[in-house]
Amino acid sequence: MRISTTSCLCPFLVCLCFIQRCYGASHHVPSKVPSKNQTKLANGETEVHHRPKRGWIWNQFFVLEEHMGPDAQYVGKLHSNSDKGDGSVRYILSGEGAGTIFIIDEVTGDIHATKSLDRERKTHYVLHAQALDRNTEEALEPKSEFIIKVQDINDNAPKFPDGPFVATVPEMSEVGTSVLQVTATDADDPTYGNSARIVYSILQGQPYFSVDPKTGIIRTALANMDREAREHYTVVIQAKDMAGQVGGLSGSTTINITLTDVNDNPPKFPQKNYQLYVPESAQVGKPVGKIKANDEDLGINADIKYSIINSEGANMFSISTDRDTREGVISLKKPLNYERKKTYTLHIEGVNTHVDPRFSYLGSFKDTATLKITVGDVDEAPVFSMDYYIMDVYENAPGGTEVGAVTARDPDSRNSPVRYFLDSKEEGERYFRIDESSGVVRTMQPLDREDKPWHNITVMASEVDNPSLLSHVPVTVQVLDVNDNPPEIATDEDVIVCESSRPGQLIQTVTAVDKDDFANGQRFSFALPSHLPVNPNFTLKDNEDSTASIIARRRRFNHLTQELYELPIVVWDGGEPSLSGTSTLTLRVCPCQRHGRIRMCQGEAFLSSAGLSTGALIAILLCIVILLAIVVLFITLRRSKKEPLIISEEDIRENVVTYDDEGGGEEDTEAFDIIALRNPAAAEELKFRRDIRPESRQQHCGPPRSRRSPSELDEVDVHEFIKQRLVEADMDTSVPPYDSLQTYAYEGQGSPTGSISPLDSPGTQSEQDYNYLDDWGPEFQKLAELYGGAESDVTT
């Protein structure tokens, strides 16, 4: 087989082709001896194994892309060793692009490309070649695969897929500072030639920036680029293939570079001296002026902090920074007074708050300016000598008594006269008045400390020449106490006296109250009225500690005999002069438990707990009595209407006996004796009396036994008695047909506790202590009082 391609132009390939052709023409194999490709069969025939010859096997052909000629581009030639040049061999081509892109001459085996190919779209094509006998269509050569590779040419320029670009770099950066790396791509084959070998260069942006030709990294090329001088730069970068040689294709992109700010500029005041006019009426804490230093930097690099660096200005004024406008706002710390000081000088300093130490060589990042403030004169309201006044006056002082005085003056240089008056909106005008010229405050009427101990008034002042300017000051007046109220007993309730009170027994301790105020505490003395006769029932003891004790003088009070007693008491206070008052106490006699444990009357306790008056209680009881009378009358009338059940002895079966018992049904034939219903008189004869002790029952056929004596009855066993009653109940036909409870009022003999009858008690006085009766409750209260009183009489 012979393969002819464009590569055979090489002398070495020509020699190889010649050797192959000579070898194929002279090679001969005897027919009788089977070759290595033949197998002798049993019938004497041989089977031929066709395998591709080395001359029929190849790897690839090459074809140039972007062929623009008028004729089809020659690719290569297929040739079989069986081809003698007589046209008996037919070559067939199949696979990718066969018949459309690639055609083959069936006689010569020449392959041509009919279309212009683009390697960037498809780099190679896989095809299959076959040689057939034109007459028999038998395969002279097996189907063989080969590749037609599209050979690259430089037909694609480099491109920047991500352009254009935006980048930033800080101002004042050093030379060689990296800004951005750009990368271009080339669609040509990087493995073949220099078609995809790219070199970068800068077309625009010099001398500020440079680019690395191999990596595409853009760097600063000029030192100390100042943002304040120029902020934006446009750089154009070119990428060229063929390693930058002449004839190479190129592409470019644009990079917009912005210099970012750094703090490389100190703040500066536009001028060194400023003036400001401030009226003396300016309010403290309010802004009075502004000042600003300029800074060419941006953002936090331009932040400025202002301060007043001299004491004269710092004592009266303060300065703060407005973050939005970066101005220094000057405010007033203390009130201005034109008459005292007319001008102030402020030394103001502005300093950057964020300083970059890299630029410290540029100097200090601060500046100073001088501000002269002129205070303007304003007509001001009068000024009081004090911020507030406290005065005092004794109660009951006559109207017109001087309480105190206030003083105000005109702070202006004219020193106009001042007029005083009270605030009409307050109630102080009812009690006080003020002299409009002197400012003296006086009372209009006597004051009562017990009614109102403090008075708050407001005094106002205005200039006579300019009444519209007002000032006011609070004045507090304290009413001092005098002893003008007598003392009195500090209780409005009745004093409870127990009926069992003894002479010398303490009834109650009383105290006194006084509306007056005593600086060292209230002191009271107590006594009974001297002009009255001696009280036979009670006496009073002064405890000398502002309390007094009421003591009983006799024994045996009785609320039935006299329930209420009145006791007048005279009380003296410790004031100057001393005042006295007489109070009358009401003492109520009540039955109390022993030792005075309860001191509230029982009737009173009941009424107080129920919350009802005596009239209401009587009305309720009357209603209850009427209701009971109606109920009793109704029951009586109903009983009188009932007719007795009359049983006729002539025809008892015609009468109906009514009972409220329910039987056991039709099957219950033994539970109840029907004879009892038909003959009630016979059933009554069988009943036994249940109000006597049981007797021995005799046999029905024998004579009756005599009744037992009382001694014999005492010896009757209770067990036998109950059994006898049980038998009687079972035999009684008049009882209901269900179980019932039988009750027997039988009391035995020989109780171990003995008799509680007082008939056999000794007549002599018992020495037993009956104090335990007090603990038995109110039911035994009367008994406890009787025995307690008897014991007291015996002791006496």
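Trainee: Before we go on, may I ask you to explain the overall build of the protein in this structure?
Mentor: Tallying secondary structure elements over the protein gives 9 helices and 40 strands in all. Relative to all contacts within the protein whose residues are 6 or more apart in sequence, the contacts with residues 24 or more apart total 66%. For the protein, the computed accessible surface area is about 51,800 Å², with 52% contributed by carbon and sulfur atoms.

Trainee: Help me out: how do you make sense of unusual backbone geometry in this one?
Mentor: With an omega dihedral of -5°, the bond running from G163 to P164 counts as a cis peptide bond. Mapped onto the fold, P164 is located in the loop between β9 (139-151) and β10 (165-170). Following Q206, the chain continues into P207 via a peptide bond in cis, with omega recorded as 5°. Of note in this structure, M242 is not a glycine but carries a positive phi near 55°. Structurally, M242 is set in the loop between β15 (232-240) and β16 (250-260). Under the relative-accessibility criterion, M242 is labelled partly exposed at 22%. A positive phi is found at N396, a non-glycine position, where the angle reads about 65°. Structurally, N396 can be placed in the loop between β25 (389-394) and β26 (402-405). Taking the relative accessible area as the measure of exposure, N396 reaches 40% and is therefore partly exposed.

Trainee: Hey, could you run me through the sheet that holds strand β13 (residues 209-211) in this one?
Mentor: Hydrogen bonds between backbone groups are what pair the strands of a sheet, and the pairing can be parallel or antiparallel. Taken in spatial order, the 3 strands make up an open sheet running β11-β14-β13, and their pairing is antiparallel. Edge positions in the sheet fall to β11 (178-181) and β13, since each of these pairs with one other strand and no more. Direction aside, the axes of adjacent strands within the sheet are offset by 25° on average.

Trainee: Explain the pattern of salt bridges to me, please; I cannot follow it from the model alone.
Mentor: Two side chains of opposite charge can pair, provided their charged atoms sit close to one another. Going through the model one piece at a time under the given rule, you end up with 19 salt bridges. Note that D110 is salt-bridged to K77, the shortest N-O span being 3.1 Å. In this pair, D110 sits in strand β7 (residues 110-113) while K77 sits in strand β4 (residues 73-77), placing the two residues 33 residues apart along the sequence. According to the relative accessible area criterion, K77 is buried, its value standing at 15%. The closest approach of N and O atoms between R725 and E728, which form a salt bridge, is 2.7 Å. Here E728 and R725 lie together in helix α8 (residues 718-731), a separation of 3 residues that amounts to about one turn. The exposure class assigned to R725 is buried, which follows from its relative accessible area of 2%.

Trainee: Explain the sheet that holds strand β38 (residues 547-552) to me, please; I cannot follow it from the model alone.
Mentor: Pairing is antiparallel across the open sheet formed by 4 strands, whose spatial order is β33-β35-β38-β37. The sheet is open, and its two edges are formed by β33 (488-489) and β37 (538-542), each paired on a single side. The pairing of β33 with strand β35 (residues 506-513) spans 2 bridges and is antiparallel. From the neighbouring strand, I489 faces β35, where its bridge partner is A512.

Trainee: Any chance you could explain the side chain of D423 here in plain terms?
Mentor: Checked against the element boundaries, D423 lands in the loop between β28 (418-422) and β29 (432-434). One buried charged side chain, D423, makes no salt bridge at all; its nearest oppositely charged neighbour is K425, positioned 5.9 Å away. A polar side-chain atom of D423 sits 3.2 Å from the main-chain amide nitrogen of K425. Setting aside chain neighbours within four positions, we find D423 in contact with E429, T458 and M460.

Trainee: Would you take a moment to explain the state of the cysteines for this structure?
Mentor: Applying the stated criterion to the full structure yields 1 disulfide. Residue C498 pairs covalently with C592 via a disulfide, S to S 2.3 Å. Between C498 and C592, the S-S torsion sits near -90°, and that sign places the bridge as left-handed. Of the two residues, C498 is situated in strand β34 (residues 495-498) and C592 in the loop between β40 (580-590) and α3 (602-610); the sequence distance between them amounts to 94 residues.

Trainee: Is there a simple way to explain the packing of aromatic side chains in this structure?
Mentor: By convention here, two paired aromatic rings are described through the distance between centres and the angle between planes. Considering all chains together, one arrives at 10 aromatic pairs under this definition. An angle of 75° between the planes, with centres 5.2 Å apart, marks the rings of F102 and Y125 as edge-to-face. Of this pair, F102 sits in strand β6 (residues 102-104) while Y125 sits in strand β8 (residues 124-133), and the two are 23 residues apart along the sequence. An identical accessibility class is assigned to F102 and Y125; each is buried. Each ring, one from F209 and one from Y233, has its centre 5.6 Å from the other, and the planes form 75°; the classification is edge-to-face. Placement of the pair is F209 in strand β13 and Y233 in strand β15, with a sequence separation of 24 residues.

Trainee: Would you mind showing me how to read the pairing of strand β39 (residues 564-573) here?
Mentor: It is a general feature of regular strands that their side chains alternate between the two faces of the sheet. The element β39 is extensively covered by neighbouring structure, given that 7 of its 10 residues are classed as buried. The sheet contact formed by strand β36 (residues 524-527) and β39 spans 4 bridges and is antiparallel. Each bridged residue has a counterpart across the sheet, and for A527 the counterpart in β39 is V570. In terms of strand pairing, β39 meets β40 through 9 bridges, oriented antiparallel. Pairing of W572 across the sheet is with S580, part of β40.

Trainee: Can you help me understand the environment of V393 in this one?
Mentor: Assignment of secondary structure puts V393 in strand β25. For V393, a relative accessible area of 5% gives the class buried. Residues within four places of V393 in sequence aside, it is in contact with T401, V403, T443, L447, V477, Q478, V479 and L480.

Trainee: Help me out: how do you make sense of a nonpolar patch on the surface in this one?
Mentor: On the surface, a nonpolar cluster with roughly 560 Å² of combined accessible area is contributed by Y772, W776, F780, L783, L786 and Y787. Structurally, Y787 is set in helix α9 (residues 781-795). Judged by relative accessible area, which is 36%, Y787 ranks as partly exposed.

Trainee: Can you help me understand the confidence of the model for the protein in this one?
Mentor: In regions of low pLDDT, the predicted coordinates are not meant to be interpreted in detail. For the protein, the average pLDDT comes to 77, and 73% of its residues sit at 70 or higher. Taken as a whole, residues 682-715 scores under 50 in pLDDT and shows 28 contacts with residues more than four places along the chain or in a different chain.

Trainee: Would you mind showing me how to read the environment of K341 here?
Mentor: Take K341: it is sitting in the loop between β21 (327-332) and β22 (343-352). Note on K341: relative accessible area 32%, which makes it partly exposed. Sequence spacing of K341 and E280 is 61 residues, and the spatial spacing of their C-alpha atoms is 9.9 Å. For K341, the contacting residues outside a window of four places in its chain are E312 and V375.

Rules used throughout
Residues numbered from 1 in each chain as written. Predicted model: local features only at pLDDT ≥ 70, side-chain atom pairs only at ≥ 80, totals over all residues. Heavy atoms only, no water. Helix = DSSP H or I, 4+ residues; strand = E, 2+ residues; numbered from the N terminus. Contact = heavy atoms within 4.5 Å. Areas by Shrake-Rupley, 256 points an atom, 1.4 Å probe, with all protein chains shown as cover. Buried < 20%, exposed > 50% of the residue type's maximum accessible area, 1.4 Å probe, protein only. Pairing = 2+ DSSP bridges. Axes fitted to C-alpha atoms, helices over the stretch in contact; angles between N-to-C directions. Salt bridge = Lys/Arg side-chain N within 4 Å of Asp/Glu carboxyl O. Lys, Arg positive; Asp, Glu negative; His and termini not counted. Polar contact = N/O pair within 3.5 Å; in protein donor to acceptor, adjacent residues only side chain to side chain. Disulfide = S-S within 2.5 Å. Phe/Tyr/Trp six-rings, centres within 6.5 Å; stacked < 30°, edge-to-face > 60°. Patch = residues over 30% accessible without salt bridge, like charges linked within 9 Å, V, L, I, M, F, W, Y side chains within 5 Å. pLDDT = per-residue confidence, 0-100.

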